[in-house]
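Structural overview
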Amino acid sequence: MTSEDIRKSFLEFFKERGHAVAPSSSLIPDDPSVLLTTAGVQQFKPYYIGKLDPMKDFGARRVASVQKCFRTTDIDEVGDKTHLTFFEMLGNFAFGDPDATDGIGAGYFKTDAIRWGYEYIVNVLGIDVSRVTVSVFHGHKEIPKDIESYRIWHKEIGLPEEKIKLAGIEDNFWGPTGNEGPCGPTTEIYVDGIEVWNIVFNEYFCDKSRDELLAGNANLKKLDGPGIDTGMGLERLVAVIKGFEDAYETDVLRPIWEKINELAPQLPDRVSRIMTDHIRSSIFLIADGVVPSNKESGYILRRLLRRVLAYQVQHDVHDDLLKSIFEVTRDKFGIFYPELKNDDILNVIEQEKIKFQTAIASGLAELKKYEKINGQEAFYLYETFGLPYEIIKELAVSDVVKDLNRKDFDNEFKKHQAISRAGVEKKFGGHGLILDTGELKASNQEEMDKVLRLHTATHLLQAAMRLVLGDEIQQKGSDITAERARFDYNFPRKPLPEEIKKIEDLVNEVIQKDLPVGFVELPKEEAAKTGALFFFKEKYPEKVKVYYIGHSLEDAFSKEFCGGPHVSHALTIGKFKIAKDESIGAGVRRIRGILDK
Ligand code: SER
């Protein structure tokens, strides 16, 4: 069976059982609380809580779909044989009333969901029963054990008890996603010990996030009508059926992987896998309207593409690779996903390639400013300009990279990964900061991007304030998050509205000039002589960085002692706005600056 056969047979199977077939929704979800679509259930969430009526939209209370999904959770694992960012999820869903008699396609619950799951796996896919095991929820605090599912598997299907594993809330309880929502116990089907199908019984409504639920702080209420939500990853399923350990050997990924290996045989396996995954994902994202940018889903796409482009530079890969892979992907998936038959996708990729080449050039210019570079600084260049370690090592003057070694760079990378994972968790209730200099705070890439923009804007702000209000303006403190920059300064009176406006206009004028942002590293005394602003001289180390915004240190609009990091060009800031100015003490005032879009 090929992936095409599986998609078809899955939808057919559930159509024969009264399901309406719903097309995959876009990877860009309607729900603004999530960045990208991560599961089949995403587009159906409103039907579980009675917000939308499935009878009106599908003519049935049950639907089946093959959904395009994208998850960043495993992005650092991509390159091995199994982890992917983009994947397809087969799913069947039921909303509400199992006893409804208003036509075919009433809702259904555990008996049908389990029986059909089993039948599809064993009868349609032809997987031998001996390879199948399942798991069932064993209960947690006041949530009871799922005796019903256990009984169905054991008594109705006839699975022996040793094939039914019991598991807790971590593994066998789904949701809620977001701050509240439907959730419930799950039963999972395993083949050869690999989880292939997650069947969720949406029985409850939880009034808080999953973390709160796990911590015992949430309330569960039975939903009026329970629902079914199932998900089965297509790539993994194909691999399991064929007995492949390697997802890239399946017919889903093999054509792309083979083409990459043919055009660039010099690539290590790990790199060609990353390229296969990232290019395929990028094409699907672009087809749904994502464009590379510095925020949110655009930033995810940019990172995928830039990683591929950096590997191309590093491994000297022929230019037409992206075009060839686009064609292979379009031909392989275009029949099922016609949105891929669009040559504009290639234009988007091409434009990003041009931008990346410019960024690489600025990265190299930045690299030239170092007399010596360490792991942390090399990682900064990698993060900010996309300069991979190998390119830094290869292209810098040998003295500069004398002390730079892979281990330090990797350690920096790991630190960053750990923090960035913590950052992602924070979005869902955990805590963690990806960037915390005391002054700058961000807990994920998107926030980091805004913080850098506001940080550079704050330098422009101080320079503009000195021009408008006078040279006696001195920074008294500053604190920057993704939402706002706080800048404290000394001034004896309230600035007039027209002064505030003038400062704001001046900042935006400089932004529009797109001045580059650079720095030099100097001994403290020398740095002070450049006219750069500093805050408390005592608190700086012997050698300091002077960040300047302008074409050279001499004619810069702004110069300040600063540890960075900053954006590389002023235009990246976008539009800056002064949201508030208030007194916070005798002669000390506080300005709040925000990004206007
Ligand atoms: N929502 C569940 C999952 O993503 C089942 O589809 O696994």
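Residues numbered from 1 in each chain as written. Predicted model: local features only at pLDDT ≥ 70, side-chain atom pairs only at ≥ 80, totals over all residues. Heavy atoms only, no water.

Here we look at the overall build of the protein chain
Across its full length, the protein chain holds 19 helices and 18 strands. The C-alpha atoms of the protein chain give a radius of gyration of 28 Å, which matches the 25 Å a tight globule of 597 residues would have. Principal-axis analysis of the C-alpha atoms gives the protein chain an extent of 85 × 60 × 40 Å. The burial tally for the protein chain puts 54% of its 597 residues in the buried class. Considering only contacts within the protein chain whose residues lie at least 6 apart along the sequence, 66% involve residues at least 24 apart. Here the protein chain holds 81 positive side-chain charges and 97 negative ones, and the gap between their average locations is 3 Å. (Helix = DSSP H or I, 4+ residues; strand = E, 2+ residues; numbered from the N terminus. Rg over C-alpha atoms; globule rule 2.2 N^0.38 Å. Buried < 20%, exposed > 50% of the residue type's maximum accessible area, 1.4 Å probe, protein only. Contact = heavy atoms within 4.5 Å. Lys, Arg positive; Asp, Glu negative; His and termini not counted. Charge placed at Lys NZ, Arg CZ, Asp CG, Glu CD.)

Points about the sheet that holds strand 18 (residues 588-595)
Taken in spatial order, the four strands make up an open sheet running 12-13-18-17, and their pairing is antiparallel. With partners counted over all chains shown, the strands left at the sheet margins are strand 12 (475-480) and strand 17 (576-585), one partner each. On average, each strand axis in the sheet is tilted by 20° relative to the strand beside it, whichever way the strands run. When strand 17 meets strand 18, the two strands line up antiparallel, connected through eight bridges. Counted as the bridge partner of Lys 577 is Ile 594 from strand 18. Its contacts with the sheet place helix 18 (residues 497-512) against strand 17 and strand 18, and it is angled at close to 140° to strand 17. (Pairing = 2+ DSSP bridges. Axes fitted to C-alpha atoms, helices over the stretch in contact; angles between N-to-C directions.)

Observations concerning the pattern of salt bridges
Per the counting criterion, the structure on display carries 38 salt bridges. Between Arg 453 and Asp 449 there is a salt bridge whose closest N-O contact spans 3.9 Å. Taken together, the positions of Arg 453 and Asp 449, both in helix 17 (residues 445-469) and four residues apart, correspond to about one turn of that helix. Of the two residues, Arg 453 and Asp 449, both sit in the buried class. Salt-bridge contacts for Asp 479 lead to Arg 484; the nearest nitrogen and oxygen are separated by 3.0 Å. (Salt bridge = Lys/Arg side-chain N within 4 Å of Asp/Glu carboxyl O.)

Structural notes on the site of the ligand
What surrounds the ligand is the set Ala 39, Val 41, Arg 71, Met 89, Trp 174, Asn 198, Val 200, Asp 229, Thr 230 and Gly 231. A distance of 3.2 Å separates an oxygen atom of the ligand from a polar backbone atom of Thr 230. In the model, an oxygen atom of the ligand is placed 3.2 Å from a nitrogen or oxygen of the Gly 231 main chain. Protein burial of the ligand: of its 230 Å² of free accessible surface, 94% is covered by the chains. Looking at the shell around the ligand, the elements with two or more residues in it are strand 8 (194-206) and strand 9 (220-233). Ranked by the residues each element gives to the shell around the ligand, the list is headed by strand 9, at three residues. Classifying every residue of the shell around the ligand by side-chain character gives five nonpolar, three polar and two charged. (Near = heavy atom within 4 Å. Polar contact = N/O pair within 3.5 Å; in protein donor to acceptor, adjacent residues only side chain to side chain. Areas by Shrake-Rupley, 256 points an atom, 1.4 Å probe, with all protein chains shown as cover. Nonpolar A, V, L, I, M, F, W, Y, C, P; charged D, E, K, R; others polar.)

Quick notes on the packing of helix 11 (residues 296-314) against helix 13 (residues 344-368)
At a minimum axis separation of 10 Å, helix 11 and helix 13 run at an interaxial angle of 65°. By the criterion of interaxial angle, the relationship of helix 11 to helix 13 is roughly perpendicular. Where helix 11 crosses over helix 13, the handedness of that crossing is right-handed. Of the residues in helix 13, those in contact with Arg 302, Leu 305, Arg 306, Leu 309, Ala 310 and Val 313 of helix 11 are Ile 349, Glu 352, Lys 353, Lys 355, Phe 356 and Ala 359. Of the residues assigned to the contact of helix 11 with helix 13, the class counts are seven nonpolar, no polar and five charged. (Parallel < 35°, antiparallel > 145°, perpendicular 65-115°, else oblique. Left-handed = near helix turned anticlockwise from the far one by under 90°.)

Observations concerning helix 1 (residues 3-15)
Because the α-helix completes a turn every 3.6 residues, residues three or four places apart line up on one side. The end-to-end C-alpha distance of helix 1 is 18 Å, a good match for the 18 Å that 13 residues give at a rise of 1.5 Å each. For helix 1, the set of buried residues is Ser 3, Ile 6, Arg 7, Ser 9, Phe 10, Leu 11, Phe 13 and Phe 14. (Expected span 1.5 Å × (residues − 1).)

Structural notes on the packing of aromatic side chains
What describes a pair of aromatic rings is the distance from one ring centre to the other and the angle between the planes of the rings. For the structure shown, the criterion picks out 34 aromatic pairs. When the ring of Phe 10 is compared with that of Tyr 120, the centres are 5.4 Å apart and the planes differ by 90°; the resulting orientation is edge-to-face. Note that Phe 10 is positioned in helix 1 and Tyr 120 in helix 4 (residues 110-124), a separation of 110 residues in sequence. In this pair, the class of Phe 10 matches that of Tyr 120, namely buried. Relative to Tyr 337, the ring of Phe 284 has its centre 5.4 Å away and its plane inclined at 85°; by these criteria the two rings are edge-to-face. (Phe/Tyr/Trp six-rings, centres within 6.5 Å; stacked < 30°, edge-to-face > 60°.)

Some details on the pairing of strand 5 (residues 164-167)
Where strand 4 (residues 132-137) and strand 5 come together, four bridges link them in parallel fashion. Note on strand 5: the bridge partner recorded for Val 136 is Leu 166. Handedness of the crossover joining strand 4 and strand 5 through helix 5 (residues 147-157) is recorded here as right-handed. (Right-handed = clockwise from strand over helix to strand, strands pointing away.)

Structural notes on helix 18
With 16 residues, helix 18 should reach 22 Å at 1.5 Å per residue; the first-to-last C-alpha distance of 22 Å fits that figure. Every buried residue of helix 18 is accounted for by Glu 499, Ile 500, Ile 503, Glu 504, Val 507, Asn 508, Val 510 and Ile 511. Buried residues along helix 18 sit against helix 17, strand 17 and strand 18. Where helix 18 terminates, the next one or two residues include Asp 514, which has phi positive at roughly 50°.

Describing the sheet that holds strand 14 (residues 517-523)
Across the sheet, three strands lie side by side as 14-15-16; this open sheet has antiparallel pairing. A strand with exactly one partner marks an edge of an open sheet, and here the two such strands are strand 14 and strand 16 (558-561). Ignoring which end each strand starts from, the neighbouring axes of this sheet average 25° apart. Judged from the seven bridges that link them, strand 14 and strand 15 (residues 543-549) form a sheet pairing that is antiparallel. Counted as the bridge partner of Val 520 is Val 546 from strand 15.

Describing the confidence of the model for the protein chain
Predicted confidence across the protein chain gives a mean pLDDT of 88, with 93% of residues reaching 70 or more. Of all helices and strands in the protein chain, the one with the weakest mean pLDDT is strand 10 (residues 435-436) (61), whereas strand 4 scores best (98). (pLDDT = per-residue confidence, 0-100.)

Some points on the environment of Gly 289
Structurally, Gly 289 is set in the loop between helix 10 (269-287) and helix 11. What makes Gly 289 partly exposed here is its relative accessible area of 49%.

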